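# Structure assessment
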Amino acid sequence: MATENAVKEDAKSVDRSKMQVSDTDVAVEIDGMHKWYGDFHVLKDINLKVMRGERIVIAGPSGSGKSTMIRCINRLEEHQKGKIIVDGIELTNDLKKIDEVRREVGMVFQHFNLFPHLTILENCTLAPIWVRKTPKKEAEERAMHFLERVKIPEQAHKYPGQLSGGQQQRVAIARSLCMNPRIMLFDEPTSALDPEMIKEVLDTMVGLAEEGMTMLCVTHEMGFARQVANRVIFMDQGQIVEQNEPDEFFDNPQHERTKLFLSQILH
Amino acid sequence: MAQDRNHSLAYVRTDMVQDEPAPINSKGPIAWVRQNLFATIPDTILSIAAILLLFYIIPPMFRFLITDAVWTGENREACIVPGAGACWAFVDAKFSQFMYGRYPVEERWRVDLTAILLIAGTVPLAIPSVPYKKWNTIFVLVIFPILAFILLTGRLGLESVETSLWGGLLVTLVVAIVGIVVSFPFGILLALGRRSKMPIIKMLSIIFIEFWRGVPLITVLFMSSVMLPFFLPDGVSFDKLLRALVGVTLFASAYMAEVIRGGLQAIPKGQYEAGDAMALTFWQSMRLIILPQALTLVIPGIVNTFIGLFKDTTLVLIIGIFDLLGIVQLNFTDANWASAKTPATGLIFAAFIYFIFCFGMSRYSMYMERRLDTGHKS
């Protein structure tokens, strides 16, 4: 990875003081979860317990089910067997429970999925106004606060089509944060970006981690994984093959598949 | 231009070239004509042919419509003179009939008032910079229809006017506007229904759409006026105009639904997922995210359907309702005005009125398309 060295360089500058992982407070619990697309068994026996404040990076070859897994956490995908408990709420067919979970879980997509017919500011205030019933003025103030945090307040009245990919992805992060989520899911947030724009998005994510956000990130940015993750999960063929602390994971992989994967991407 | 030329590969520009005006033969009217009309030999041939054709058509048309036309007159005597062009005196004499049909003369102020209310409501709504859009919309969609109903049919002490007396442009506009305004939301619901995951709703939507699309409008109108009474219990009857309205509206809804479904299909899955991930409900997602984009995409198709509907209103003639075209045709039989030029004049007049409305819709839709274009799609 081209960016790995750059990020490694300033790895020490990351402030880990607020990156507290709770011992008792479980954010996400996945227990014996399976998922099928028709007859195709995509996810097999997924067991994962994420504590409050954890930063988890999920890696693996394409088609290994990593995106599908995190999409199950906010029920963009339905699982057929096993249990998923998010923030103390079990995901079932109960639409009310699903909405409750979705209110607390923010998601950032590979292709940003900003609403092209709304301005940046309207993108950020839509959900707070309609879902949280926040007064418009307050929602706009909050949105501006988060747009400042992702360093693009001056773009607030433009449309997504007028922004670069990196700016759009930062707006998408701000849009999620406006809902005040307790957990953030990132589904390959930098994969659709030009190389020059990856860093600005990763910096925003590092900032979030420094504030103690619970994060699950599907990403190929191994530098980011080393820098902020407290756990790296490696998936292949719909299963969790290996998980470990980042240093151990990269320097001393155990499973043959992991070794092969790492040798392919870290050259 | 001091360029230091030598034969090595290295080159450094020392003086920047300043802007100069474009060569004279690349702009201006002569350049335009040369580039657009006479660029190649086939272009030249086609341009000359087109110009000759215009010379051949326009002068006689101009003579018929303007210079040779009969503008004033009391009856057919004025229009049967040799060499007479269009008989505008006929249109002038019959104008109020073309507008109101057989609506009682002393009550026609009610139609005028309705028209004024309609214009007062829709013009500010159509101009984006006029404020109070919410109240304006409530007026146009809720208050105006009630007022129009009271005024036109005659309620609350106003003298009742049977719909069988309505006619002319009044009927055309009533059928077209009701058809457009009602078929639009119906079309949206049917389009959503057809894409629904709920099998029964999906099935009902498909059956509805395919049935109404598969039947000619003339059949629908005939059935509503001839067959429907057989199925209703004795003594129950609906107004003929109302039946035509229902028929036209259901017919247009089916077409509208398919146009809107096309727009819905063009919206990327990620837009739905972003809405879901933010805990928006289905209807919120549709109203705030999906439909605004989908409808913008299919404005040309929607307006196409509106224009088609507007012109299809002429078919109500076959069930004995005299819309604009119907009443114009009816007047051809008036012995007072029978002349060789009367039918042509009447039809040109009717065509002109239809054209104004359809062209207006078309231009407004192009304006909205440009206005709602926010650049790139997601």
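Named according to an unreviewed UniProt entry, chain B is Amino acid ABC transporter permease originating from Ahrensia marina. For chain B, the Sequence similarities (unreviewed entry) comment in UniProt is given as "Belongs to the binding-protein-dependent transport system permease family. HisMQ subfamily."

Per an unreviewed UniProt entry, chain A goes by ABC transporter ATP-binding protein and derives from Ahrensia marina. Looking at chain A in UniProt, the text filed under Sequence similarities (unreviewed entry) is "Belongs to the ABC transporter superfamily."

In this section: the overall build of chain B. Scanning chain B from terminus to terminus reveals 14 helices and zero strands. Taken over the C-alpha trace, chain B has a radius of gyration of 29 Å; the compact-globule value for 378 residues is 21 Å, which it surpasses by more than 25%. Its C-alpha atoms give chain B principal-axis dimensions of roughly 105 × 75 × 40 Å. Here chain B, with 378 residues, has 37% of them falling under the buried criterion. Long-range contacts, defined as pairs at least 24 residues apart, comprise 68% of the intrachain contacts of chain B with a sequence gap of at least 6. Across chain B, the centroid of the 29 positively charged side chains sits 6 Å from that of the 25 negatively charged ones.

Turning our attention to the domain arrangement of chain B. It is common to give the size of an interface as the accessible area lost on bringing the parts into contact. According to the domain assignment, chain B contains domain 1 (29-66) and domain 2 (88-371). A straight line from the C-alpha centre of domain 1 of chain B to that of domain 2 of chain B covers 39 Å.

A few words on the UniProt feature "domain: ABC transporter" (unreviewed entry) in chain A. UniProt's entry tags residues 28-262 of chain A with the feature "domain: ABC transporter" (unreviewed entry), counted in the numbering of this structure. Here residues 28-262 of chain A runs as 39% helix and 26% strand, with 27 Å between its end C-alpha atoms.

Residue and element names in this part refer to chain A. Its identity as a non-glycine residue notwithstanding, Arg-75 has a phi of 65°, on the positive side. Here Arg-75 lies in the loop between α2 (66-73) and β4 (81-86). One non-glycine residue, Glu-188, lies in positive phi territory at about 50°. One can find Glu-188 in the loop between β7 (183-187) and α7 (195-210). Residue classification places Glu-188 among the buried residues on the basis of a relative accessible area of 12%.

What follows concerns the packing of aromatic side chains. Tallied over the entire structure, the rule returns 18 aromatic pairs over all chains. Aromatic pair Phe-249 of chain A and Phe-250 of chain A: ring centres 5.2 Å apart, planes at 85°, arrangement edge-to-face. A residue is classified by how much of its surface remains accessible, and Phe-250 of chain A, at 8% relative accessible area, is buried. Joined through ring pairs, the aromatic side chains of Phe-90, Phe-95, Phe-98, Phe-332, Trp-337 and Phe-349 of chain B make up one cluster. A cation sits over an aromatic face here: Arg-175 of chain A above Phe-115 of chain A, 4.5 Å from the ring centre. In this arrangement the basic side chain of Lys-134 of chain B is found over the ring face of Trp-135 of chain B, its NZ or CZ atom lying 5.9 Å from the centre.

About the cut-offs
- Residues numbered from 1 in each chain as written.
- Chains lettered and ligands numbered in written order.
- Predicted model: local features only at pLDDT ≥ 70, side-chain atom pairs only at ≥ 80, totals over all residues.
- Heavy atoms only, no water.
- UniProt positions renumbered as here; feature names shortened; annotations may be inferred.
- Helix = DSSP H or I, 4+ residues; strand = E, 2+ residues; numbered from the N terminus.
- Rg over C-alpha atoms; globule rule 2.2 N^0.38 Å.
- Buried < 20%, exposed > 50% of the residue type's maximum accessible area, 1.4 Å probe, protein only.
- Contact = heavy atoms within 4.5 Å.
- Lys, Arg positive; Asp, Glu negative; His and termini not counted.
- Charge placed at Lys NZ, Arg CZ, Asp CG, Glu CD.
- Domains from an automatic or database assignment.
- Phe/Tyr/Trp six-rings, centres within 6.5 Å; stacked < 30°, edge-to-face > 60°.
- Lys NZ or Arg CZ within 6 Å of the ring centre and 35° of its normal.

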